Amino acid sequence: MAVIVLMYHHTPDGAPEGFYDVGLATFRDQIRTLRDAGVSFVKFSECDRPDNVQAGIHVALTFDDGHASNAAAFRFLADEGLTPTAFIVRDWSARDPAYLSARALGDFKEICELGGHGATHRALSSLTEAELADELAASRDYVGEIAGAPVSTMALPGGHGGARELAAAQRAGFVLVGNSRPLPHVTRGVTVNRNCVNRTHHARTPLGWTRAGPLHWTALRARFAAAAAGRRLMGKSLYGALTALAK
Ligand SMILES: [Zn+2]
């Protein structure tokens, strides 16, 4: 049937600050609620397996940007026997102490899958062909060195990217690319829909998504299409400011 891929960003041990923050306590409650309901968890790297896509409902856990606040979330998930995937931005990891360093990520690689999220977090769709190839290769090489193995998954920075960016990602060796379309992953292929969890969501919201019927997803799809059209008309920065206010 489907994999519902959840996308988290910061998971601070305290009150959320940004719109995309989910407090650690709420995060734990969301995972426990899913677990207590008997939901099947799969790794992001396995979410395109035919048995996961075609039979049952499964949940995969992803974290974008590699924020240092995710460390406690990863340890909690390890205690629960669950393996998330963290998508890392090379420059933030290498230079900014607010993000997990290569050394910290090395400590987590046994309990957390590592994937790419760009070298700089620039929108891939804004890059020339040469810049795009460099951005993807640098991201792949940085994470691959930490993981000690080839890296085959990534997430689109800002969710921006279409056919050109997906083709370039595949040429760079990425097999699965997480997007930001808030829908279940129901069709096998390189691009994987992901549902962003934000500060407005409560303990039972992700569980609700696993039980949602077609009408819920049809309404979300329409809202997403309208937002995408708005983004094209307005330009990205204004759009970002407006949607952060509107959601
Ligand atoms: Zn990001």
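As the structure is a prediction and not an experimental result, all values here were calculated from the model.

Things to note about the overall build of the protein chain
- On a plain count of helices and strands, the protein chain comes out with 10 helices and nine strands.
- Taken along its principal axes, the extent of the C-alpha atoms in the protein chain is 45 × 45 × 40 Å.
- The buried share among the 247 residues of the protein chain stands at 48%.
- Summarising the internal contacts of the protein chain: among those between residues at least 6 apart in sequence, 67% fall at separations of at least 24.
- When the accessible surface of the protein chain is split by element, carbon and sulfur atoms take 55% of a total near 11,300 Å².
- Distance between charge centres in the protein chain, computed from 26 positive and 24 negative side chains, equals 6 Å.

Observations concerning the packing of helix α1 (residues 24–36) against helix α3 (residues 70–79)
- With their axes 10 Å apart at the nearest point, α1 and α3 run at an angle of 25° to one another. In terms of orientation, α1 and α3 fall into the roughly parallel class. Like other packed secondary-structure pairs, α1 and α3 cross with a definite hand, here right-handed. Across the interface between the two elements, Leu24, Phe27, Arg28, Ile31 and Arg32 of α1 pack against Ala72, Ala73, Phe76 and Leu77 of α3.

Describing the nonpolar core
- Counting 49 residues, the largest nonpolar core has Leu6, Tyr8, Phe27 and Ile31 as the members making the most contacts within it.
- In contact with Ile31, other than residues within four places in its own chain, are Tyr8, Phe41, Leu61, Phe76, Leu77 and Leu82.
- With 10 residues, the next largest nonpolar core counts Val5, Val42, Phe87 and Ala155 among its residues.

Section: the domain arrangement of the protein chain
- On domain assignment, one finds that the protein chain holds domain 1 (2–212) and domain 2 (213–247).
- A C-alpha centroid distance of 21 Å is found between domain 1 and domain 2.
- Every contact between the two is made by 14 residues of domain 1 and, on the other side, 11 residues of domain 2.
- On inspection of domain 1 and its partner domain 2, the count reaches zero salt bridges.
- For the side of domain 1 that touches domain 2, the residue count by class is eight nonpolar, four polar and two charged.

Observations regarding the coordination of the zinc ion
- Distances from the zinc ion to its protein donors, Asp65 (OD), His117 (NE2) and His121 (NE2), fall at 2.1 to 2.2 Å.
- Donor residues binding the zinc ion come from one chain and are separated in sequence as D-x51-H-x3-H.
- Residue His121 is classed as partly exposed on the basis of its relative accessible area of 22%.

Focus: the pattern of salt bridges
- According to the stated counting rule, one finds 13 salt bridges in the structure shown.
- A salt bridge links Arg32 to Asp29, with the nearest nitrogen and oxygen atoms 3.6 Å apart. Separated by three residues within a single helix, Arg32 and Asp29 lie in helix α1, roughly one turn from each other.
- On the accessibility criterion, Arg32 (32% relative accessible area) is partly exposed.
- Given the relative accessible area of 34%, Asp29 is considered partly exposed.
- A salt bridge links Asp64 to Arg194; the shortest N-O distance between them is 2.8 Å.

Description of helix α6 (residues 129–147)
- Between its terminal C-alpha atoms α6 stretches 27 Å, which fits the 27 Å expected from 19 residues at 1.5 Å a residue.
- Here α6 has its buried residues at Leu132, Glu135, Leu136, Ala138, Ser139, Tyr142, Val143, Gly144 and Ile146.
- Residues of α6 that are buried in the fold lie against β4 (85–88), α4 (90–95), α5 (102–108), β5 (113–116), β6 (153–155) and α7 (163–171).
- In the stretch just after α6, Gly148 is the one whose phi turns positive, near 70°.

The rules we used
- Residues numbered from 1 in each chain as written.
- Predicted model: local features only at pLDDT ≥ 70, side-chain atom pairs only at ≥ 80, totals over all residues.
- Heavy atoms only, no water.
- Helix = DSSP H or I, 4+ residues; strand = E, 2+ residues; numbered from the N terminus.
- Buried < 20%, exposed > 50% of the residue type's maximum accessible area, 1.4 Å probe, protein only.
- Contact = heavy atoms within 4.5 Å.
- Areas by Shrake-Rupley, 256 points an atom, 1.4 Å probe, with all protein chains shown as cover.
- Lys, Arg positive; Asp, Glu negative; His and termini not counted.
- Charge placed at Lys NZ, Arg CZ, Asp CG, Glu CD.
- Axes fitted to C-alpha atoms, helices over the stretch in contact; angles between N-to-C directions.
- Parallel < 35°, antiparallel > 145°, perpendicular 65-115°, else oblique.
- Left-handed = near helix turned anticlockwise from the far one by under 90°.
- Core = buried A, V, L, I, M, F, W, Y, C linked by side-chain atoms within 4.5 Å.
- Domains from an automatic or database assignment.
- Salt bridge = Lys/Arg side-chain N within 4 Å of Asp/Glu carboxyl O.
- Nonpolar A, V, L, I, M, F, W, Y, C, P; charged D, E, K, R; others polar.
- Donors = N, O, S within 2.8 Å, 3.2 Å for Na, K, Ca; no water.
- Expected span 1.5 Å × (residues − 1).

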